[in-house]
Amino acid sequence: MARQLLQVYLSLLRRGLKIWRIKINTDKSHAIVFRKGNYNNNMPPLKRFGRPIPWSTSVEYLGITLDRKLTFKNHLSKIKGKFKQRLAALRNLLYFQSTLSNQNKRRIFLQYLQPLLTYGSPIWGMAAQTHLRELQIIQNIALRLILNAPRYIPRKYIHADLKISPIHARIRELASSFFQNVLTHSNHTIAQAANITPGQHRHAAASTSLDQMLYPSWLLNGTLFEAIASPRHTSETEKKHGFLCWISNRPICPPHLLRLDASSR
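Residues numbered from 1 in each chain as written. Predicted model: local features only at pLDDT ≥ 70, side-chain atom pairs only at ≥ 80, totals over all residues. Heavy atoms only, no water.

Asks: Quick rundown of the pairing of strand 4 (residues 64-67)? Include the residues and the values.
Replies: Burial along strand 4 is two-sided: the residues I64 and L66 and T65 and D67 are all buried. In terms of strand pairing, strand 3 (residues 58-61) meets strand 4 through four bridges, oriented antiparallel. Note that in strand 4 the partner of Y61 across the bridge is I64. (Buried < 20%, exposed > 50% of the residue type's maximum accessible area, 1.4 Å probe, protein only. Helix = DSSP H or I, 4+ residues; strand = E, 2+ residues; numbered from the N terminus. Pairing = 2+ DSSP bridges.)

Rendered as structure tokens:
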């Protein structure tokens with residue numbers, strides 16, 4: 001059923017692309033199923049413009065690697081590799097025998113090294129503590145290099161001397177700022193996407209409305225259902241208040257999420 005819904009959407013997308021004269025490289029397109037646990041995807045590939053779109057176990061979008069379980073393990077491994085390479089290139093500037101002052105070394109770290117660790121953190125900030133701890137370890141290596149601090153000196157003193165936040169605190173700062181900016185966005189759909197319920201998690205977006213996440217307003221009210229919906233009323237109440245969307249005589253998702261007001265048709 002999920003594949004049928006996606007295939008219908010791709011068909012509608014094709015019409016929109018033709019109208020706006022936008023060409024998409026199908027060879028660079030991938031499809032992925034996000035799901036916990038062990039899952040064998042035996043679904044046939046999706047098709048766009050008559051060409052198959054292969055199913056993948058991980059995809060990269062805007063520099064962030066998304067795996068099928070959203071653990072972000074692969075993405076954080078890439079971050080560590082890039083950080084170590086750049087730290088090696090800047091080692092002569094950050095080494096304690098460098099003629100630069102600690103203040104200038106701190107600026108180099110904030111400009112060239114820290115952005116590697118925190119890029120996209122509002123997205124992957126809820127990764128497991130095990131993965132985030134590895135980022136903290138490589139940050140400690142860079143800060144100890146700047147101050148020439150032995151390993152027995154606690155991390156909190158190093159961060160306090162350089163006035164640099166630990167990884168988990170920096171992630172929370174960036175996530176809070178990001179979602180606050182999204183809430184005030186001029187685009188109503190984007191602003192609604194960040195309408196979250198604050199939780200006790202270390203991440204600012206720890207919990208959200210499951211209905212909004214799985215069935216956002218743009219999906220329920222968009223042209224997708226206009227093309228595939230057929231008025232199939234099961235009771236007088238449904239006739240008065242709305243209709244249900246069906247594919248192959250089966251509901252796409254729970255009826256209470258698919259009911260649309262007749263006035264919106």
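Asks: Let's hear about the nonpolar core: which residues, and what values?
Replies: Core analysis: the biggest nonpolar cluster contains 30 residues, and F83, L94, F109, L113, W124 and L135 have the highest contact counts within it. For this core, the secondary-structure elements that each account for two or more residues are strand 4, helix 2 (73-89), helix 4 (102-118), helix 6 (129-147), helix 7 (155-162) and helix 8 (167-183). Here the element with the most residues in this core is helix 6; it accounts for seven residues. Leave out the neighbours within four places in its chain, and L94 touches L87, K105, I108, L113, L145 and I146. (Core = buried A, V, L, I, M, F, W, Y, C linked by side-chain atoms within 4.5 Å. Contact = heavy atoms within 4.5 Å.)

Asks: Let's hear about unusual backbone geometry: which residues, and what values?
Replies: Unusually for a residue other than glycine, R21 sits at a positive phi of about 55 degrees. Phi angles above zero are rare outside glycine, and F72 is one such case at about 60 degrees. Inspection of the secondary structure puts F72 in the loop between strand 4 and helix 2.

Asks: Quick one: what's the story with the environment of I146, residue by residue and with numbers?
Replies: For I146, the position within the fold is in helix 6. Distance from I146 to Q103, taken between C-alpha atoms, is 9.7 Å for residues 43 residues apart in sequence. Beyond its immediate stretch of four places on either side in the chain, I146 contacts L94, N102, K105, F109 and L162.

Asks: Please provide a residue-by-residue account of the confidence of the model for the protein, values included.
Replies: Per-residue confidence for the protein gives a mean pLDDT of 75; residues scoring 70 or more make up 72%. The low-confidence segment residues 198-265 (pLDDT under 50) makes 114 contacts with residues lying over four places distant or belonging to another chain. (pLDDT = per-residue confidence, 0-100.)

Asks: Explain the pattern of salt bridges to me, and be specific about the residues and the numbers.
Replies: What the rule picks out here adds up to three salt bridges. E60 is paired through a salt bridge with K78; the nearest N and O atoms lie 3.7 Å apart. With E60 in strand 3 and K78 in helix 2, the pair connects residues that are 18 residues apart, well separated along the chain. Put simply, E134 and K80 hold a salt bridge, and the shortest N to O gap is 2.4 Å. Taken together, the positions of E134 in helix 6 and K80 in helix 2 put the pair 54 residues apart, joining distant regions of the chain. What makes K80 buried here is its relative accessible area of 18%. (Salt bridge = Lys/Arg side-chain N within 4 Å of Asp/Glu carboxyl O.)

Asks: Which residues make up helix 4, and what are the values?
Replies: Within helix 4, the axis deviates most sharply at L110, by approximately 40 degrees. All buried positions along helix 4 are accounted for by K105, R106, I108, F109, L113, Q114, L116, L117 and T118. On its buried face, helix 4 is in contact with helix 2, helix 3 (91-94), helix 5 (121-124), helix 6, helix 7 and helix 8. Just downstream of helix 4 lies G120, where phi reads positive at about 75 degrees. (Bend = angle between axes of the 7 residues up to and from the residue.)

Asks: With reference to specific residues and values, describe the side chain of H75.
Replies: Of note, H75 is situated in helix 2. Taking the relative accessible area as the measure of exposure, H75 reaches 4% and is therefore buried. The contact partners of H75, leaving out residues within four places of it in the chain, are G63, I64, T65, Y119 and W124.

Asks: Provide a residue-level description of the environment of D27, including the pertinent values.
Replies: Relative to the assigned elements, D27 resides in the loop between helix 1 (2-20) and strand 1 (46-48). Once the C-alpha coordinates of D27 and I53 are considered, the two residues, 26 residues apart in sequence, prove to be 7.7 Å apart.

Asks: Describe helix 2, listing the residues and the values that go with them.
Replies: Along an α-helix, residues three or four positions apart point the same way, because every turn accommodates 3.6 residues. Taking 1.5 Å of rise per residue, the 17 residues of helix 2 would be expected to cover 24 Å, and the 25 Å separating its terminal C-alpha atoms lies within 8% of that figure. All of the buried residues along helix 2 are H75, L76, I79, K80, F83 and L87. For helix 2, the angular spread of the buried residues around the axis is 140 degrees, confining them to a single face. For helix 2, the exposed residues set more than 90 degrees away from the buried face come down to K84, Q85, A88 and A89. Where helix 2 is buried, its residues contact strand 4, helix 3, helix 4, helix 5 and helix 6. (Expected span 1.5 Å × (residues − 1). Arc of directions from axis to C-beta.)

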